[in-house]
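Take a look at the letters that make up each chain.
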Amino acid sequence: MNKALFIGRSVVDVLSHVRHFPKPDEKVKALHNDIFSGGSSLNAAVTFAHLGGEAFLYTSLSENGIDYELITNELRSRNIKYNNINLDPSYKIPHSTVISSQDSSERIIINGSQEESDKTILYDYLPLDDFDLIQLDQYEVGFVMKHKQFFESFKGTIVLDGGSWKNCSLDFLRLVDIPIVSEVFCGDGIDAFAKICKGLNIDKWAVTRGKNGIVWHDRNSDGVIKASQVDAIDTLGAGDIFH
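Note that the structure is a prediction, hence the values are computed from the model and not measured. Going along each chain's sequence as written, the residues are numbered from 1 onward. Side-chain atom pairs in this predicted model are given and counted only at pLDDT of 80 or more, local residue features only at pLDDT of at least 70, and totals for whole chains, interfaces and linings cover all residues. The side-chain values count all of the structure's non-hydrogen atoms but skip hydrogen atoms and water molecules.

1. Some details on the packing of aromatic side chains
Let me state the cut-off plainly: Each Phe, Tyr or Trp ring (for Trp, its six-membered ring) is paired with any other whose centre lies within 6.5 Å, and the angle between the two planes then decides the class: stacked below 30 degrees, edge-to-face above 60, tilted in between. Under the scheme used here, helices are H or I runs from DSSP no shorter than 4 residues and strands are E runs no shorter than 2 residues, and both carry numbers assigned from the N terminus.
Inspection of the entire model under this criterion finds eight aromatic pairs. Ring centres of tyrosine 125 and phenylalanine 150 lie 6.1 Å apart, and the angle between their planes is 80°; this geometry places the pair in the edge-to-face category. Of this pair, tyrosine 125 sits in the loop between β7 (107-110) and β8 (133-136) while phenylalanine 150 is found in helix α4 (residues 148-152), placing the two residues 25 residues apart along the sequence. Look at phenylalanine 193 and tryptophan 205: their rings are 5.5 Å apart centre to centre, the planes differ by 80°, and that puts the pair in the edge-to-face class.

Here it is as structure tokens:
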């Protein structure tokens, strides 16, 4: 598997790494601060490229500015080819505020208020057969649904990165071959998710459960992969990288 297309949201993450989460009305001093590119599809593309694959990213970006330069410089430095699918000149790249706790290795993420671009490119032809694999992350809904017929006829594998259940989740599940989702995505439980997949003729799926490991299904087989015991420092992006 050498060539993959990632379609989804790109953001700017504004991180504060603290010793412990502040209580209400408490002020704490950050151990360090950082600003970097983020977004589940962007992170997955970076990981794929790092592992030697040829990564392509379709995402909505602003036309210019500091945020645009931050993200595009990162993509170029990682040898990731990208396509800005946004046509709205007023669109601004979302900022996510991230607070990461050293004591608990947990994080809080506050997504930016910026809505998705509702003006995206419409291609007469989308050459998806150039790719071995496609990953969708439940963002860029308008772009994906406008090109639904190309995904439906794609002969390779389409993977879903599902962090949480959204209004569009069923629409995305209908397009994919392998959903890899978090336990949060399965609000009614893993058995209910398995039933949904069976109804959609999806015979391969996995559910990540943090330190409790991964539940997987492959046709007539099921199992659990135990999580390795590690001293977690920061879990930010762990799911994106795994998927």
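More follows now that the structure is in view.
2. A word on the nonpolar core
This is how it is decided: The set of buried Ala, Val, Leu, Ile, Met, Phe, Trp, Tyr and Cys residues whose side-chain atoms join them within 4.5 Å is what this entry labels a nonpolar core. Each residue is placed in one exposure class: buried if its accessible area under a 1.4 Å probe, protein chains only, is under 20% of its type's maximum, exposed if it is over 50%, and partly exposed if it falls in between. For this analysis, residues touch if any pair of their heavy atoms sits within 4.5 Å.
Among the nonpolar cores identified, the biggest contains 32 residues, and Leu5, Ile7, Leu128, Ile134, Leu136, Phe151 and Phe193 are the most heavily contacted of them. Residue contributions to this core peak at three residues, all from helix α6 (residues 190-199). Apart from residues no more than four positions distant in its own chain, leucine 136 is found in contact with Ile7, Val144, Phe151, Ile158, Val159, Leu160, Asp161, Phe172 and Val176. In terms of nonpolar packing, the next biggest core, distinct from the first, is built from 22 residues, Ala45, Ala49, Ile80 and Leu133 among them.

3. Considering the sheet that holds strand β3 (residues 32-38)
The pairing of strands in a sheet comes from backbone hydrogen bonds and takes either a parallel or an antiparallel form. Put simply, the test is: A pair of strands is treated as paired once DSSP finds two or more bridges between them. Working convention: axes come from line fits to C-alpha atoms, limited for helices to the stretch in contact. Angles between N-to-C directions cover 0 to 180 degrees.
Strands sit in the order β3-β2-β6-β7 across an open sheet of four strands; the sheet is mixed. Of all the strands in the sheet, just β3 and β7 have a single pairing partner and so form its edges. Taking each pair of neighbouring strands and ignoring which way they run, the sheet shows an average axis angle of 20°. Direction of pairing for strand β6 (residues 95-101) relative to β7: antiparallel, over a ladder of four bridges.

4. A short note on unusual backbone geometry
With a phi angle near 70°, aspartate 25 is a residue other than glycine that sits in the positive phi range. Structurally, the position occupied by aspartate 25 is in the loop between β2 (11-18) and β3. Judged by relative accessible area, which is 84%, aspartate 25 ranks as exposed. At glutamate 140, a residue that is not glycine, the phi angle is positive and equals roughly 55°. Examined against the element boundaries, glutamate 140 turns out to sit in the loop between β8 and α3 (141-146).

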